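Inside the fold
If you want the building blocks of each chain, they are given just below.
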Amino acid sequence: MDQSKVEAFLGQFVTDAGATGAAGLVVIGHRLGLYRSLAEGPATAEQFAERTGYALRYLTEWLRGQAAGGYVTYDPSSGRYTLPPEQAVALTVEDSPAFLPGFFQIALGTVHDVDHVLDAARSGAGYGWHEHVSDVHVGCERFFRPSYHAHLVAEWLPALDGVVDKLERGALVADVGCGHGASTVLMAQAFPRSRFVGSDYHPESIEVARRRAAEAGVADRVRFEVASAQDLGGSGFDLVTMFDCLHDMGDPVGAAEQVRRALAPDGTWMVVEPMAGDHVEDNLNPVGRAYYGFSTLLCTPASLSQDVGLALGTQAGPARIRDVATAGGFSRFASVAETPFNRVLEIRA
């Protein structure tokens, strides 16, 4: 046994344990507005408590933990803590693609339900998306929405052959697995001549989506309905989209077949999936590590809770998605855009 390797692993273990606690600290910082307050200027713990109105002892420990993790800086000579501008972008600007608190919120909610996943792992059963605590649903939107806001209209849709022209003229679009409707509303705001149908099997998410559409002023051209991908209604869609949800479905091949039937003859199926390679070794990196965690605790159990239970997993990779599309009746498949967290696939008949 190499003692130095043991010590190195122990160091990694301590780092991971600290990161686990950091998830809670980030969620607290976001919900209490602590990051926004600290972004106003450096402060000692006492000044920060006075500024925010929260309890000094809690804020003292929170600030020290943030400094130890490199989220804020600490000046020993003055006792003041500072939120650097680079960290402020990631922690306070909700439309920035670098915004991170949603990632920690969904992680915290996912870990909260680990006992249910333990039981499912013993039996081989699943644990549905709808069964998780609300932090999973809210955190998912908060994590993915900034990336959609930055890339969907500006980059991803233009990467699809002829789709933007159709949307500008007036297209019919189905956003399947829409969750809280972030992607649907963004597209509706950008293309007022088009009509959109968002669907999700989770009724509580659809309620939120309807409120979001009304608040955004697009309810006249967006309809949300409770439905699974296999129950997608209507036909003649110029575009069907699925954002970070195909791998969660129990029967993605059945969903692909339904999309094929619902599309217009020259329609496009746009699938946005978590960034992944086709081989295990392609995904042995920080992003892959995070996604394999979600795959084990959230996405794979969600698929196994449904009929068929194919359980693609969060790191399925484009070749596996191509197999699903081909089995569903599609013949053209291309990877057209990507970010560190997502891959955009264009699929056509």
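Before going into details, it helps to say that this report is about the structure given with it.

Procedures and definitions
- Residues numbered from 1 in each chain as written.
- Predicted model: local features only at pLDDT ≥ 70, side-chain atom pairs only at ≥ 80, totals over all residues.
- Heavy atoms only, no water.
- 1 Å grid on protein atoms, 1.4 Å probe; cavity = no way out; pocket = protein on both sides within 12 Å on 5 of 7 lines; lining within 4 Å.
- Points joined across faces, edges and corners; volume = space filled by probe spheres on them.
- Helix = DSSP H or I, 4+ residues; strand = E, 2+ residues; numbered from the N terminus.
- Nonpolar A, V, L, I, M, F, W, Y, C, P; charged D, E, K, R; others polar.
- Buried < 20%, exposed > 50% of the residue type's maximum accessible area, 1.4 Å probe, protein only.
- Pairing = 2+ DSSP bridges.
- Salt bridge = Lys/Arg side-chain N within 4 Å of Asp/Glu carboxyl O.
- Core = buried A, V, L, I, M, F, W, Y, C linked by side-chain atoms within 4.5 Å.
- Contact = heavy atoms within 4.5 Å.

Before going further, it helps to spend a moment on empty space enclosed by the protein. Inspection of the entire model under this criterion finds two cavities of 30 Å³ or more. By volume, the largest cavity is sized at about 60 Å³. Taken together, E273, P274, A276, T314, Q315, A316, G317, P318, I321, R343 and L345 make up the full set of residues lining the largest cavity. Of all the secondary-structure elements, those providing two or more residues to the lining of the largest cavity are β7 (263-274), α14 (318-327) and β9 (342-348). Grouping the constituent residues of the lining of the largest cavity by class yields six nonpolar, three polar and two charged. With four residues, β7 is the largest single contributor of residues to the lining of the second largest cavity.

Of all seven residues in β9, seven are buried, a share of seventy percent or more. What you see with β9 is no split at all: N342, V344, E346 and R348 on one side and R343, L345 and I347 on the other are buried throughout. With six bridges connecting them, β7 and β9 associate as antiparallel partners. Across the sheet, E273 pairs through a bridge with R343, a residue of β9. Count of turn residues in the strand β8 (residues 332-338)/β9 antiparallel hairpin: three residues.

The next subject is the pattern of salt bridges. When the charged atoms of two side chains lie near each other, side chains of opposite charge can form a pair. Going through the model one piece at a time under the given rule, you end up with twelve salt bridges. With a closest N to O distance of 2.6 Å, D16 and R289 form a salt bridge. Of this pair, D16 sits in helix α1 (residues 3-31) while R289 is found in helix α13 (residues 286-304), placing the two residues 273 residues apart along the sequence. Look at D16 and you get partly exposed, because its relative accessible area is 22%. A residue is classified by how much of its surface remains accessible, and R289, at 51% relative accessible area, is exposed. Note that D135 is salt-bridged to R31, the shortest N-O span being 2.3 Å. Remark: R31 occurs in helix α1 and D135 occurs in helix α8 (residues 134-156); sequence separation between them is 104 residues.

L152, W156, L157, F243 and M270 are the most contacted members of the largest nonpolar core, which totals 41 residues. The dominant element in this core, judged by the number of residues it contributes, is α8, at seven residues. Beyond its immediate stretch of four places on either side in the chain, M270 contacts L152, L157, L160, L239, V240, T241, M242, F243, V344 and L345. A174, V240, A262 and W269 belong to the second-largest nonpolar core, a separate cluster that totals 27 residues.

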